[in-house]
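Chain and residue survey
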Amino acid sequence: MSSRASFTNVIAVGFMLFALFFGAGNLIFPAMLGQMAGENILSANAGFIVTGVGLPILAVLALAFSGKGDLQSLASRVHPLYGIIFTVALYLAIGPLFAIPRTNTVSFEMGIRPFLSNHDSFLPLFLFSIVFFGIALFFSLQSSKLVDIIGKILTPLLLIFIGILIVVSFVKPIGQVQAPVESFIDNSFFKGFQEGYLTMDVLAAFVFGIVIINIMKDRGITTKREIMISTLKVALIAGGLLAIIYSSLTYMGAKSVIELGHLDNGGAILASVSNYYFGPFGKVVLGFIVIAACLTTSIGLITSCASYFNKIVPSISYKKWTIIFTIFSAVISNFGLSTLINISVPVLYMLYPLAMCLMVLTFLHPFFKGKQKVYQISILFAFIVSFFEGLNAAGFQIETVHNLFTGVLPLYTVGLGWVVPAIVGGVIGFLVSPVGKETVNHTLVEEK
């Protein structure tokens, strides 16, 4: 492979990874964050960038660093049964239960609904779902052409249209940044950090990272060092684009309050901003941006989910799994955007700490020599806290536990109460792990 071909390859795959990440939540949440953060936009955006860009990049690199071929193998360092349960839960969360249906619903809410006179009818969403998932199914069945389809066609078009809106918002700002809402007056960095959960990008990174690594291997990059370097380049390209666009959308939202007021969601903000600058033409621009972004993410998620479930249940073909997930997602999406977001938040509060803990332990694996109890106790302690945080987010707060955690756990009040228990659990796991031949052999076998 020539250096020129290699450079072109990295750019194309980097654009593909960006396109896979940049979907429904990536459009609506930064704009909403900007409106809420107001004058605290810098710290809130920094927190959002950590979870929306930094951690997904690290998750992709963790997969390359581990040398594991898939997420289940990586999670099985905790226990083989945990590897299956965690991986299935993650794929379902970023797949047919939440993320895939959300791509369709957000596309409809921002790209189609503004053109309708009757906003209460269920029929337009139903019909749009058929068209949207029909296109997604067609491209998902062309998995061998995924890089060419997404990286070389849809992504450049997406960047052109989102770039138009961003440039205009910088050249001619709507207004001045206003005061933050009450929840963002204090701890705006951590509020932004938690808002980044809603993108689901850290969870998705464990799936998309596998796609990227396999593409690199298919194109002649085989050694661990080469895979790490190439994956880092790809991740930095995707991460740089994401950071620029997230920050721009956050800025756009912050500048819009004085003219548009505080709106209910990021979709309404972007629709109103587009209408402010371009009038009726703005609806067309926004519609194309949203549908293109959500469609690329939907294709990537359907492809990844179908591939994984075909692996664990090979009696059902990849094609059949693709059709199953597409139809199921189409049905779920008709429950509406608000319902999907409300249900997903508690699940994300439970899954995100487990994913982040696994990611950190993967990088530290050589330092504690892969001792299994380090994984087990660290993730167990993190899960105990994240489980109750998920219940709190679902409205089922157990006062005794909540008061106990508030009093004894650092960072609990800002949504990071699991961090210290995870660290303590890792230390305990290291101290109670057996030493000698048994541990060494286990580590050597695993590393092979």
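Residues numbered from 1 in each chain as written. Predicted model: local features only at pLDDT ≥ 70, side-chain atom pairs only at ≥ 80, totals over all residues. Heavy atoms only, no water.

Observations regarding the overall build of the protein chain
Just so we agree on the cut-off: Only DSSP runs of H or I with at least four residues qualify as helices, and only runs of E with at least two residues qualify as strands; both kinds are numbered from the N terminus onward. Radius of gyration here uses only the C-alpha atoms, and the compact-globule reference equals 2.2 Å multiplied by the residue count raised to the power 0.38. Every residue pair with non-hydrogen atoms within 4.5 Å of one another is taken to be in contact. Per-residue and other accessible areas follow the Shrake-Rupley method at a 1.4 Å probe size, with only the shown protein chains counted as cover for residues.
When helices and strands are counted, the protein chain shows 19 helices and zero strands. Since a compact globule built from 448 residues should have a radius of gyration of about 22 Å, the 22 Å found for the protein chain is in line with a globular shape. A principal-axis box enclosing the C-alpha atoms of the protein chain has dimensions of 70 × 55 × 40 Å. Sequence separation of 24 or more characterises 82% of the internal contacts of the protein chain that already satisfy a separation of 6 or more. On the protein chain, roughly 18900 Å² of surface is accessible, and the fraction owed to carbon and sulfur atoms is 69%.

Quick look at the packing of helix 5 (residues 80-97) against helix 10 (residues 201-218)
The axes of two packed helices give the description: the angle between them and the distance between them. Quick note on the threshold: Helix axes are fitted to C-alpha atoms over the stretch in contact, other axes to C-alpha atoms as well, and angles between N-to-C directions run from 0 to 180 degrees. Here the angle decides the label: under 35 degrees means roughly parallel, over 145 means roughly antiparallel, 65 to 115 means roughly perpendicular, and every other value means oblique. Side-chain classes are defined by residue name, with Ala, Val, Leu, Ile, Met, Phe, Trp, Tyr, Cys and Pro counting as nonpolar, Asp, Glu, Lys and Arg as charged, and the others, Gly among them, as polar.
Where helix 5 meets helix 10, the closest approach of the two axes is 9 Å, and the angle between their N-to-C directions is 95°. The angle between helix 5 and helix 10 places the two elements in the roughly perpendicular class. Across the interface between the two elements, Leu 90, Tyr 91 and Ile 94 from helix 5 touch Leu 203, Ala 204, Phe 206, Val 207 and Ile 210 from helix 10. The residue makeup of the contact of helix 5 with helix 10, split by class, is eight nonpolar, no polar and no charged.

Considering the environment of Pro 173
If you trace the backbone, Pro 173 turns up in the loop between helix 8 (146-171) and helix 9 (188-195). Sequence separation between Pro 173 and Gly 287 is 114 residues; the distance between their C-alpha atoms is 21 Å. If near-sequence neighbours (up to four positions away) are discounted, Pro 173 is found in contact with Tyr 251, Lys 255 and Tyr 277.

Let's talk about the packing of helix 3 (residues 41-66) against helix 11 (residues 224-260)
Which entries qualify depends on this criterion: Helix crossings are classified by the rotation of the near helix relative to the far one: an anticlockwise turn of less than a right angle makes the crossing left-handed, while a clockwise turn makes it right-handed.
In contact at an axis separation of 9 Å, helix 3 and helix 11 are set at 160° when each is read in the N-to-C sense. Between helix 3 and helix 11, the angle falls in the class roughly antiparallel. Judged by the twist between their axes, the crossing of helix 3 over helix 11 is right-handed. In terms of residue class, the contact of helix 3 with helix 11 is built from 18 nonpolar, six polar and one charged.

Describing the confidence of the model for the protein chain
In plain terms, the rule: Confidence of the predictor at the level of single residues is given by pLDDT, which spans 0 to 100.
On average, residues of the protein chain score 85 in pLDDT, and 92% of them are at 70 or above. Least confident of the elements in the protein chain is helix 19 (residues 437-447), whose mean pLDDT is 40; most confident is helix 18 (residues 419-432), at 95. Every residue in residues 1-5 scores below 50 in pLDDT, and together they form two contacts with partners more than four places removed in sequence or on other chains. Under a pLDDT of 50 for its full length, residues 437-448 has, in the predicted model, 12 contacts with residues more than four places off or in other chains.

Comments concerning helix 3
Threshold: Residue count minus one, scaled by 1.5 Å, sets the expected span of a helix. Note on bend: at a given residue it equals the angle between the axes fitted to the 7 residues ending there and to the 7 starting there. Burial status follows relative accessibility: with a 1.4 Å probe on protein chains alone, a residue under 20% of its type maximum counts as buried, one over 50% as exposed, and anything between as partly exposed.
Under the 1.5 Å per step criterion, the end-to-end length of helix 3 is 36 Å for 26 residues, consistent within 8% with the ideal 38 Å. Its axis deflected by about 35° at Val 50, helix 3 carries its strongest bend there. Burial analysis of helix 3 places 19 of its 26 residues in the buried class, which makes it a mostly covered element. Residue Gly 67 follows helix 3 closely and has a positive phi angle near 75°.

Structural notes on the nonpolar core
Here is the rule we go by: Side-chain atoms within 4.5 Å are what join buried Ala, Val, Leu, Ile, Met, Phe, Trp, Tyr and Cys residues into a set we call a nonpolar core.
Core analysis: the largest hydrophobic core is formed by 131 residues, its most contacted members being Leu 27, Phe 86, Ile 94 and Phe 206. The residues contacting Phe 206, other than those within four sequence positions of it, are Ala 59, Leu 63, Leu 71, Leu 74, Leu 90, Ala 355 and Met 359.

Some points on the packing of aromatic side chains
For any two aromatic rings, the description comes down to two numbers: the centre-to-centre distance and the angle of the planes. We count it as follows: Between 30 and 60 degrees the pair is tilted, below 30 it is stacked and above 60 it is edge-to-face, where a pair is any two Phe, Tyr or Trp rings, Trp via its six-membered ring, whose centres lie within 6.5 Å.
The full count for this structure, using the stated rule, is 26 aromatic pairs. Taking 5.7 Å as the distance between ring centres and 35° as the angle between the ring planes, the aromatic pair formed by Phe 128 and Phe 132 counts as tilted. Here Phe 128 pairs with Phe 132, and both are found in helix 7 (residues 123-140), just four residues apart, close to one helical turn. Classification of Phe 128 as buried rests on a relative accessible area of 12%. Overall, Phe 132 belongs to the buried group, its relative accessible area being 2%. Ring centres of Phe 170 and Tyr 251 lie 4.4 Å apart, and the angle between their planes is 10°; on these two criteria the pair is classed as stacked.

Things to note about the pattern of salt bridges
The criterion, for reference: By definition here, a salt bridge exists when the distance from a side-chain nitrogen of Lys or Arg to a carboxyl oxygen of Asp or Glu is within 4 Å.
This model, assessed by the stated rule, comprises one salt bridge. Residue Arg 113 is joined to Glu 109 by a salt bridge in which the shortest nitrogen-to-oxygen separation is 2.9 Å.

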